[in-house]
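Chain by chain, the residues:
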Amino acid sequence: MQTQSNSGQSNGNLFSALRAAFPQDLDAVAVETDNGLYYSWRDLDRATAMMANLLASLDLAPGARIAVQVEKSVEALVLYLATLRAGFVFLPLNTAYQSAEIEYFIGNAEPAVVVCTAKNFGWVSKIAFKAGTQSVFTLNDDRTGSLLERVAHCSDQHAVAFRQADDLAAILYTSGTTGRSKGAMLSHGNLLSNARVLKDYWGWRSAEEGGDVLIHALPIFHVHGLFVAIHGALLNGSKMIWMSKFDPRLVIKKMAEATVFMGVPTLYVRLLAEPGLTVDAARHMRLFIAGSAPLLIETFNEWQAKTGHTILERYGMSETLMLTSNPYHEADGERRAGTVGFPLPGVSLRVQDDDAQPVATGEIGGIQVKGPNVFKGYWRMPEKTAEEFTADGYFKTGDVGKIDALGYVTIVGRSKDLIISGGYNVYPAEIEGVINDLPGVAESAVVGIPHADFGEVGVALVIAKPGASLDPSEIIASLKAQLANFKVPKQCFVVDALPRNAMGKVQKNVLRAQYGA
Ligand code: MCA
Ligand code: AMP
C-alpha cells in the first residue's frame, strides 16, 4: 500500500486513511448484508484493489469522473472505494433519476466511465456514448454485470494512488435555486477532515472500548449514506449491517447486534409506527443520529419515551458536509429538540442579515459557514461559485437560522426555494419548468406542505392557457414519466390565478398556508 510519494509527502488520498483504520484482524466481518452475505476487511481490501486496477487499466485522464447509477450493494460500495483508491472522481446518481435527468448530469460532468444496471444499459449507454464516455459497465445488486466480469481478471495488489488533500474525490449534484443541478466538488481533504471530526465528536468507540456496529439503511448516492455513515464506520474499523432498502422491522431486529443508527426523520417516523420499537429492543444501541431534514420535536420526544434514547440531530449540506451537531457527551450539554446543536470543531458559523451585518444573539438571519469541510466550488460554474461565497470566504448556505446564548443553532427556514421530502431535496423551480412545458399550461407554482411521513411534500398549482382544459391526474402522470418519482408533487390543483405581491412575484407563503391547511 502506498502511503508516501517519492518526495516523502504523505498521501492525502482519503482511501489511505480509511485503509489504515482497518482492524488488525483482516478476517473479521466488515460488512454483513440483509441477504446473508459476509464480507471481511480482507475482502474489502482485495476487491477495492482489483477494481482500482481495472479503472487504472483504462488509461483515464487524471481527474476523470466515474458516474454511477446502481442499486445499493456491497459491490457498489467497493466501486466507490476503488474509485478513491485509484484516484478518480466519484459521481453518484440517485436511482430514481430518469433519462432527461441522467442526460443532464452526464452531459454536464462528462464522465469517462459510467456504471449502470443491466436493466438501464440500453438508454444510459446511448446517453453516455453521445456525451463522449469511454466505457459503460453494468453492475447489478446480485453481483452480476460486466464490471465484475472484467474485475475478476485483475490483480488484487494495488498501491493507493497518490493524491493531495486538495484533489477532487467526488462530485455531488445538488439542485440550485434556478432549478438546474450544480455539481458540488468535494476534495479528499474535505471528506477526511469531516469524517475525523465526526469520529471524535460522536464518540465512536475503539475495539478496546467494545467497538461499534453501524446499521446502514440509507441510500448510498447522497452525503448522508455515502459519506457520513460509511466513512464513520470505516474510519473506526467498525462493522456495518448493510440493508439494501430501509425496512423498519429489520432495523429494530438488528438493534440487538448494533450500536449506531443514522437516518433521515422519515425513517424515525416509520420506526415509531412499529409496535416492536421498545426500550428493550433499543437496549444494545449507543447512538441514534438524525439529519438531512428537520426532525419534529414530537418525533424527538416520542423516540425518547419509547426507547429511552435521545436522538442526536445534526445539520449539513452536500456542499459543506456536516456543519453542526448536538453534543454526544452530556458534559458538553444536552441534546436539544428543534436545534441542530453547535458548530463542529473547525467550522466557523455565523448568522447575517440582508445587509451582510452580523445579527444579535437569538436573532434570525442567513447562515454562513467556513471550514476545511467546505467544498471547492461548483463544477464548471466559477461565476455561480463566486456568488455563493462572501468576500471573506464564507459560504452562504441558503438556510435561515439563529444562534442562542448557549451557542445552539436552530434552522428556522430557508431562503432558497427548496422542499425536503423524506430527506430528498426537491427544487420547485425544476418541477415548475417541467409543468410549464406541458401542453395547455400557462403557468404553475409548486410549494411544500407538511406531511406526516415525508415531513414535507410538494403540491402543484397550475393555470391553464385560455381555452385549454387541464386534468390534474394527467399532469401528475406526465410528471411521473419525466422526473424521479420523489420529485412528483403528491397533489395537483388547476386554479384560475396565483396570489402575487406588489412586484408580481408569486406569494408561496400564502399558497403554503392555504394548501398546508
Ligand atoms: C419515496 N417516495 C417519496 C420519497 N421516497 N416521495 C416523496 N419523498 C420521498 N423521499 C414515493 C415514491 O415516489 C413512490 O411513490 C412511493 O413513495 C414508494 O416509493 P419507494 O421507493 O418504495 O419508497 P420508500 O422505499 O418507502 O422510500 C422512502 C424512504 C426514501 C426510505 C424515506 O425516500 C429514503 O431512503 N430517503 C432517504 C433520503 C436520503 O438519504 N437523504 C439524504 C440526503 P409512487 O408510487 O407514487 O411513485 S444527504 C443530505 O441531505 C445532507 C447533506 C444531510 O444533511 O445529510
Ligand atoms: P443537500 O443539498 O441534500 O445537501 O441538503 C442540504 C439541506 O438540507 C440544508 O441546506 C438544509 O436545508 C437541510 N438540512 C440538513 N440537515 C438538516 C437538519 N438537521 N435540519 C434542518 N434542515 C436540514
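Model, not experiment: these values are computed from the prediction.

This brings us to the site of ligand 2. Residues in close proximity to ligand 2 total 16 residues, the closest being Arg314, Ser318, Asp399, Lys416 and Asn425. A distance of 2.9 Å separates a nitrogen atom of ligand 2 from a polar side-chain atom of Glu313. Considered on its own, ligand 2 offers 500 Å² of accessible surface; in the complex 92% of this is hidden by protein. Ranked by residue count, the leading element in the shell around ligand 2 is strand β13 (residues 312-317), at 5 residues. Of the residues assigned to the shell around ligand 2, the class counts are 6 nonpolar, 5 polar and 5 charged.

Near ligand 1 lie 25 residues; those nearest to it are Lys245, Arg270, Ser292, Arg314 and Ser421. Within the side chain of Lys245, an N or O atom sits 2.5 Å from an oxygen atom of ligand 1. At 2.8 Å, a side-chain N or O of Lys490 approaches a nitrogen atom of ligand 1. The fraction of the free accessible surface of ligand 1 (1,000 Å²) that becomes covered by protein chains is 76%. Residues of the shell around ligand 1, tallied by class, amount to 10 nonpolar, 10 polar and 5 charged.

Quick look at the pairing of strand β1 (residues 29-33) now. The buried fraction of β1 amounts to 4 of the 5 residues, a majority that puts the element mostly inside the structure. Looking at chain direction, β1 and strand β2 (residues 38-40) are connected through 3 bridges and run antiparallel. Note on β2: the bridge partner recorded for Glu32 is Tyr38. Adjacent in sequence and paired antiparallel, β1 and β2 are bridged by 4 residues, among which Gly36 carries a positive phi angle near 85°. Examined bridge by bridge, β1 and strand β10 (residues 239-242) share 3 bridges and lie parallel to one another. Across the sheet, Val31 pairs through a bridge with Met240, a residue of β10.

Criteria and cut-off values
For every chain, the first residue of the written sequence is number 1, and numbering continues from 1 along that sequence. As they are written, the chains are lettered A onward and the ligands numbered 1 onward, keeping that order. Whole-chain, interface and lining totals are the exception, using all residues; otherwise, since this is a predicted model, local features are given only for residues with pLDDT of at least 70 and side-chain atom pairs are given and counted only at 80 or more. Note that water and hydrogens are dropped before the side-chain values are worked out from all heavy atoms of the structure. Any residue with a heavy atom positioned within 4 Å of a molecule or strand is treated as near that molecule or strand. Throughout this description, a polar contact denotes any pair of N or O atoms lying within 3.5 Å of each other; where both atoms belong to protein, one of them has to be capable of donating a hydrogen while the other can accept it, and for residues adjacent in sequence the pair is counted only when both atoms sit in side chains. All accessible areas in this document rest on Shrake-Rupley with a 1.4 Å probe, and a residue is counted as covered only by the protein chains that are shown. The numbering of helices and of strands both runs from the N terminus, where a helix is a DSSP run of H or I of at least 4 residues and a strand a run of E of at least 2. In this classification, the charged set is Asp, Glu, Lys and Arg, the nonpolar set is Ala, Val, Leu, Ile, Met, Phe, Trp, Tyr, Cys and Pro, and all remaining amino acids, among them Gly, are polar. A simple rule labels every residue: compare its accessible area, found with a 1.4 Å probe on the protein chains alone, to the largest value its type can have, and call it buried under 20%, exposed over 50%, or partly exposed in between. The pairing criterion for strands is at least two bridges between them, as found by DSSP.

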